[in-house]
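Remarks on the overall topology
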Amino acid sequence: MSEHSSEQPVRLTLPLSKEDMAGLRIGQEVLLSGPCFTSRDAGHVRLLEALKETGQLPFGLEGQTIFYAGPTPAAAGRPLGSVGPTTSSRMDFATPALMDAGLAACIGKGKRSAAVIEACKRNGCVYFAAVGGIAALLAKCVVEEQLVAWEDLGTEALRRLQLVALPAFVAVDTQGADLYRAVEQGE
């Protein structure tokens with residue numbers, strides 16, 4: 001892993017192309033702009049059910065990014081009151097299947113399982129880590145919000161967000177390099 005602290009963040013427009021993702025390396029700071037979807041545990045159960053039924057990702061999720069978050073209702077004149085990353089390992093049960101079906105990237109916090117890292121490598125996908133504890137600040141990066149499905153899940157419903165310069169770091173790249181394990185190993 002190289003030192004990236006003096007580099008400018010990489011500005012990326014979602015949805016990401018395979019070429020965009022192939023050039024990313026762990027530790028790089030990124031600013032994400034464009035559409036993404038929110039989903040957490042209960043939403044991932046339903047995504048897997050829909051994938052099993054139809055054999056494809058529902059709601060145009062192919063090639064898209066999922067932000068593991070449960071946004072709060074609008075506040076302070078913004079589309080959301082707060083939106084912060086959820087612990088990503090809670091979605092590890094579903095992520096490999098979703099990536100195999102065409103999901104391009106995900107945003108969350110914390111380590112991922114070996115199966116998710118392998119799915120990133122196999123499919124040319126990336127995992128971005130966002131900073132936890134700053135959900136109100138991250139909400140300022142959301143300029144639009146739209147309910148897509150499963151309103152009965154409340155904050156865990158599938159939503160489409162329009163992001164502008166959401167800060168994150170590349171935590172797992174398309175080569176299978178893992179920022180969390182690299183730091184643990186002193187790299």
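Structure: see above.
In this report, the structure presented in the accompanying data block is examined. (Residues numbered from 1 in each chain as written. Predicted model: local features only at pLDDT ≥ 70, side-chain atom pairs only at ≥ 80, totals over all residues. Heavy atoms only, no water.)

A separate point is the side chain of Arg40. The topology assignment puts Arg40 in the loop between β2 (29-38) and α2 (41-54). Using a relative accessible area of 17% as the deciding quantity, one classes Arg40 as buried. Ignoring anything within four residues of it in the chain, the contact list for Arg40 reads Tyr68, Ala69, Gly70, Thr86, Arg90, Met91, Thr155 and Glu156. (Helix = DSSP H or I, 4+ residues; strand = E, 2+ residues; numbered from the N terminus. Buried < 20%, exposed > 50% of the residue type's maximum accessible area, 1.4 Å probe, protein only. Contact = heavy atoms within 4.5 Å.)

Each aromatic ring pair is summarised here by two numbers: the centre-to-centre distance and the angle between the ring planes. For the coordinates displayed, the defined rule picks out one aromatic pair. Centre to centre, the rings of Phe59 and Trp150 are 5.4 Å apart; their planes meet at 90°, and the pair counts as edge-to-face. Taken as a pair, Phe59 in the loop between α2 and β3 (65-67) and Trp150 in the loop between β6 (142-149) and β7 (158-172) lie far apart in primary sequence, 91 residues in all. Judged by its relative accessible area of 18%, Trp150 is buried. Positioned above the aromatic ring of Tyr127 is the side chain of Arg112, whose terminal nitrogen or guanidinium carbon lies 4.8 Å from the ring centre. (Phe/Tyr/Trp six-rings, centres within 6.5 Å; stacked < 30°, edge-to-face > 60°. Lys NZ or Arg CZ within 6 Å of the ring centre and 35° of its normal.)

The next thing to look at is the environment of Phe67. Note that Phe67 resides in strand β3. For the pair Phe67 and Thr38, spaced 29 residues apart in the sequence, the C-alpha separation amounts to 4.7 Å. With near-sequence residues (within four places) excluded, Phe67 lies in contact with Cys36, Phe37, Thr38, Ser39, Val83, Gly84, Pro85, Ile107, Leu161 and Leu166.

In the case of a regular strand, side chains alternate between the two sheet surfaces. Across nine bridges, β2 lies against β7 in antiparallel orientation. Bridge pairing in β7 links Glu29 to Phe169. Of the strand pairs in this sheet, strand β5 (residues 126-129) and β7 are connected by three bridges, and their pairing is antiparallel. Residue Phe128 lies in a different strand from β7, and its bridge partner there is Val170. Bridge analysis of β6 against β7 gives six bridges, and the strand direction is antiparallel. Of the residues in β7, the one forming a bridge with Leu147 is Arg159. (Pairing = 2+ DSSP bridges.)

Applying the stated criterion across every chain yields a total of eight salt bridges. Between Asp41 and Arg90 there is a salt bridge, with the nearest N and O atoms lying 2.5 Å from each other. Taken together, the residues Asp41 in helix α2 and Arg90 in the loop between β3 and α3 (95-100) connect sequence positions 49 residues apart. Owing to a relative accessible area of 22%, Asp41 belongs among the partly exposed residues under this scheme. What makes Arg90 partly exposed here is its relative accessible area of 36%. Glu184 is paired through a salt bridge with Lys111; the nearest N and O atoms lie 2.4 Å apart. Of the two residues, Glu184 sits in helix α6 (residues 179-184) while Lys111 sits in the loop between β4 (105-108) and α4 (114-123), which places them 73 residues apart along the sequence. Looking at Glu184, the relative accessible area reads 53%, which means it is exposed. The exposure class assigned to Lys111 is partly exposed, which follows from its relative accessible area of 37%. (Salt bridge = Lys/Arg side-chain N within 4 Å of Asp/Glu carboxyl O.)

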